[in-house]
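# Descriptive analysis of the structure
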Amino acid sequence: MNQRYGYVRVSAKDQNEERQLIAMREAKVPERNIVVEKMSGADFKRPKYVQLIRKMRPSDTLYIKSIDRLGRNYAEIQEQWRILTKEKHVDIVVLDLPILDTRIGKDLIGTFVSDLVLQVLSFVAENERTNIRQRQAEGIAAAKARGVHCGRPFKPLPDNFEETCLRWKKGELTATAAARECGMSRSSFERRACDVK
């Protein structure tokens with residue numbers, strides 16, 4: 001019997017997948033066949049996605065909310081679409097765009113139109129990923145320019161850090177010895193020593 005499967009993806013653990021889950025339920029995808037994955041869409045090396053695709057059989061249907069939930073890499077989205085529809089003979093339904101429903105329009109014109117739309121949307125998905133990275137880099141650079149520390153918070157410095165750092169700067173200690181006295185790794189010691197005048 002043909003099965004309906006749903007693939008729900010968000011990029012980060014703090015993002016909410018509820019909107020996609022509602023769409024899957026409305027499409028009558030059984031709860032047991034809905035796969036939720038919290039990983040980047042940069043590539044298709046996602047454990048739950050790979051496991052789902054292995055499980056699917058010819059004439060099964062894969063539901064996704066939008067093309068960017070499948071992935072955000074133009075070439076890889078195209079390749080996955082080909083593998084699913086041509087090699088595995090699985091149908092794909094993109095809920096946000098009914099024209100991308102491989103169950104209908106299997107004639108030459110229908111295939112051409114859906115391939116064309118897929119190419120445009122795959123490009124848009126990858127372009128958005130590029131824009132997100134660029135905005136993130138610009139935000140980090142702006143924060144650093146304002147003196148904001150990005151990344152994990154620093155551990156508190158040991159009480160002897162400033163004195164040890166001054167001795168190191170005078171050449172009385174090697175960086176390794178100074179770091180050891182402070183109970184820090186050498187790289188952490190050197191990074192934090194740059195802040196001491």
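Model, not experiment: these values are computed from the prediction.

Rules and cut-offs
- Residues numbered from 1 in each chain as written.
- Predicted model: local features only at pLDDT ≥ 70, side-chain atom pairs only at ≥ 80, totals over all residues.
- Heavy atoms only, no water.
- 1 Å grid on protein atoms, 1.4 Å probe; cavity = no way out; pocket = protein on both sides within 12 Å on 5 of 7 lines; lining within 4 Å.
- Points joined across faces, edges and corners; volume = space filled by probe spheres on them.
- Helix = DSSP H or I, 4+ residues; strand = E, 2+ residues; numbered from the N terminus.
- Buried < 20%, exposed > 50% of the residue type's maximum accessible area, 1.4 Å probe, protein only.
- Pairing = 2+ DSSP bridges.
- Phe/Tyr/Trp six-rings, centres within 6.5 Å; stacked < 30°, edge-to-face > 60°.
- Lys NZ or Arg CZ within 6 Å of the ring centre and 35° of its normal.

## Details of the layout of surface pockets
Within this model, the largest pocket holds a volume of roughly 340 Å³. If you trace the largest pocket, you find 15 residues lining it, with F154, K155, S188, R191 and R192 closest to the centre. At 3 residues, helix 8 (residues 186-193) tops the list of elements feeding residues into the lining of the largest pocket.

## Let's talk about the pairing of strand 1 (residues 4-10)
For strand 1, a buried count of 6 out of 7 residues is recorded, marking the element as mostly surrounded by other parts of the structure. With 4 bridges connecting them, strand 1 and strand 3 (residues 61-64) associate as parallel partners. Within strand 3, the residue paired with Y5 across the bridge is L62. Here 5 bridges tie strand 1 to strand 2 (residues 34-38), and the two strands are oriented parallel to one another.

## Some details on the packing of aromatic side chains
Aromatic rings in a pair are described by how distant their centres are and how their planes are angled relative to each other. As enumerated under the stated definition, the model contains 4 aromatic pairs in all. Ring centres 5.2 Å apart and planes at 70° place the aromatic pair Y7 and Y49 in the edge-to-face group. Of the two residues, Y7 is situated in strand 1 and Y49 in helix 2 (residues 47-55); the sequence distance between them amounts to 42 residues. Assigned by exposure class, Y7 and Y49 land together as buried. Ring plane angle 80° and centroid distance 5.3 Å describe the contact between W168 and F189, whose orientation is recorded as edge-to-face. In this pair, W168 is assigned in helix 6 (residues 161-169) and F189 in helix 8, connecting sequence segments 21 residues apart. Classification of W168 by relative accessible area gives partly exposed; the value is 24%. Feature note: the residues Y7, F44 and Y49 constitute an aromatic cluster, connected by ring pairs. Directly above the aromatic system of F44 lies the positively charged group of R46, at a separation of 4.6 Å from the ring centroid. Between R46 and the ring centre of Y49, over which it is positioned, the NZ or CZ distance is 5.4 Å.

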